[in-house]
Amino acid sequence: LWVGSSLGIEVIKAGGQGLIKQKGDENFPARGIDAFAKDCFGNIWFGNRANLFGVIWKDETGYYHVKYYDEGFFILPDQKKPQLFVSSTHGLKRFTIDRNGNITSTFAWQASKKANSLSSNYTYPIAKENDKTYWIGTIGGGLNRLSFGKNDSYSIKTYAGKYGIFNDVESLEIDSSGNIWMG
């Protein structure tokens, strides 16, 4: 069990019987960790609201390595494809990744007055409805639906005040009936 706290990252043995000492864990972040996610390669991505996000990956010898990237808080990896979505106070990014935690390509969305823009750059939770539709909560801009079409085309629709949705969406979940729960 991987645990993030105000002091960094620890790994607890199965059954809660103490901590596991990992080869390379001396390089794990020693600062607040608010979010964890495991990608399709089994790498552990971490983030928080104030600092860089990053990845912990294990090499063929069992040694753990840490890489840091730009600001990022909420991380949503795809469990079938080598990609992840990362929210921040500067918009939303989709990264293509490799097995060693390297980012190989980036696509970004930001808020603006143009069509197909986010309603706020302060993105927060992200939920995947299906391979074509993602929901993004924002601070100050309500809820955004990001829909993908053919040839990487996309559309963004905002649901906020006139839909009865509050402006700050800090938690988000989609249930088995397709209902979107927000907090």
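Use the structure listed above.
Each value, and the rule that gives it
- Within each chain, residue numbers correspond to sequence positions counted from 1 in written order.
- Reporting in this predicted model follows two pLDDT cut-offs: at least 70 for local features of residues, and 80 or more for side-chain atom pairs to be given and counted; totals over whole chains, interfaces and linings ignore these cut-offs and use all residues.
- Based on all heavy atoms of the structure, the side-chain values leave hydrogens and waters out of the count.
- Only runs of H or I of at least four residues qualify as helices and only runs of E of at least two qualify as strands under DSSP, and these elements are numbered from the N terminus.
- This radius of gyration counts C-alpha atoms alone. The globule rule is 2.2 Å times how many residues there are, raised to the power 0.38.
- Residue burial is assigned from relative accessible area. The probe radius is 1.4 Å, only protein chains are included, and a residue is buried under 20% of its type maximum, exposed over 50%, and partly exposed in between.
- We call two residues in contact whenever any of their non-hydrogen atoms come within 4.5 Å of each other.
- For accessible areas, the Shrake-Rupley method is used with a probe of radius 1.4 Å. Any residue's cover is judged against the shown protein chains and nothing else.
- When charges are tallied, Lys and Arg are placed among the positive residues and Asp and Glu among the negative ones, while His and the ends of the chain are skipped.
- Here the site of a charge means NZ on Lys, CZ on Arg, CG on Asp, or CD on Glu.
- Definition used for salt bridges: Asp or Glu carboxyl oxygen within 4 Å of a side-chain nitrogen of Lys or Arg.
- Pairing between two strands requires that DSSP report at least two bridges joining them.
- Pairs were defined over the aromatic rings of Phe, Tyr and Trp, the Trp ring being its six-membered one, requiring ring centres within 6.5 Å. Orientation was assigned from the angle between planes: stacked under 30 degrees, edge-to-face over 60, tilted for the rest.
- Under this definition, polar contacts are N or O atom pairs within 3.5 Å; protein pairs additionally need one hydrogen-donor-capable and one acceptor-capable atom, and for neighbouring residues in sequence, both atoms have to be side-chain atoms.

Participant: What am I meant to see in the overall build of the protein here?
Facilitator: A tally of helices and strands in the protein yields zero helices and 16 strands. Against the compact-globule benchmark of 16 Å for 183 residues, the protein has a radius of gyration of 17 Å, which places it among compact chains. A burial count over the protein gives 41% of its 183 residues as buried. Within the protein, contacts between residues at least 6 apart in sequence are counted, and of these 39% link residues at least 24 apart. For the protein, the exposed area adds up to about 10,000 Å²; of that, 50% sits on carbon and sulfur atoms. Here the protein contributes 21 positive and 18 negative side-chain charges, whose respective centroids are spaced 6 Å apart.

Participant: How do you make sense of the pattern of salt bridges when you look at a structure like this?
Facilitator: Side chains that carry opposite charge are capable of pairing whenever their charged atoms lie near each other. Applying the stated rule across the entire model yields four salt bridges. With its nearest N and O atoms 2.9 Å apart, the salt bridge here joins K21 to D25. Salt bridges sharing common partners tie together D78, K128 and D131.

Participant: So what exactly am I meant to see when it comes to the pairing of strand 13 (residues 143-148) here?
Facilitator: Burial runs high along strand 13: five of the six residues are buried. Here strand 12 (residues 133-138) runs beside strand 13; their pairing, made up of five bridges, is antiparallel. Looking at strand 13, one finds that I136 is bridged to N144. The turn linking strand 12 back onto strand 13 is made up of four residues, and G140 within it adopts a positive phi angle of 95 degrees.

Participant: Could you clarify how one ought to interpret the packing of aromatic side chains in this entry?
Facilitator: Within a pair of aromatic rings, the relevant descriptors are the distance that separates the centres and the angle that separates the planes. Tallied over the full model, the rule gives 20 aromatic pairs. With a centroid separation of 5.9 Å and 65 degrees between ring planes, the pair formed by W2 and Y64 is classed as edge-to-face. Of this pair, W2 sits in strand 1 (residues 2-5) while Y64 sits in strand 6 (residues 64-71); the two residues are 62 residues apart in sequence, bridging distant segments of the chain. In this structure W2 comes out as partly exposed when scored by relative accessible area, which is 23%. Here W45 and Y69 contribute two aromatic rings whose centre-to-centre distance is 6.1 Å and whose plane-to-plane angle is 25 degrees, an arrangement assigned as stacked. With a gap of 24 residues between them, W45 in strand 4 (residues 44-47) and Y69 in strand 6 connect regions that are remote in the sequence.

Participant: Any chance you could explain the side chain of S87 here in plain terms?
Facilitator: Looking at where S87 falls in the secondary structure, it is placed in strand 8 (residues 83-88). Judged by its relative accessible area of 0%, S87 is buried. For S87, the side chain forms a polar contact with the main-chain oxygen of Y124, separated by 2.8 Å. Setting aside chain neighbours within four positions, we find S87 in contact with G72, F73, F74, L92, T123, Y124 and I126.

Participant: Can you help me understand the pairing of strand 3 (residues 35-38) in this one?
Facilitator: It is a general feature of regular strands that their side chains alternate between the two faces of the sheet. Only one face of strand 3 is covered, namely the face carrying A35 and A37; the face carrying F36 and K38 is uncovered. The pairing of strand 3 with strand 4 spans four bridges and is classified as antiparallel. Across the sheet, residue F36 finds its bridge partner in strand 4, namely F46. Linking two consecutive strands that pair antiparallel, namely strand 3 and strand 4, is a turn of five residues; a positive phi of about 90 degrees is found at G42 within it.

Participant: Explanation requested: the environment of K21 in the structure shown.
Facilitator: Relative to the elements of secondary structure, K21 occurs in the loop between strand 2 (8-11) and strand 3. According to the relative accessible area criterion, K21 is exposed, its value standing at 68%. Along the backbone, K21 and G149 are 128 residues apart, and their C-alpha atoms lie at a distance of 45 Å. One polar contact links K21 to D25, side chain to side chain, over a distance of 2.9 Å.

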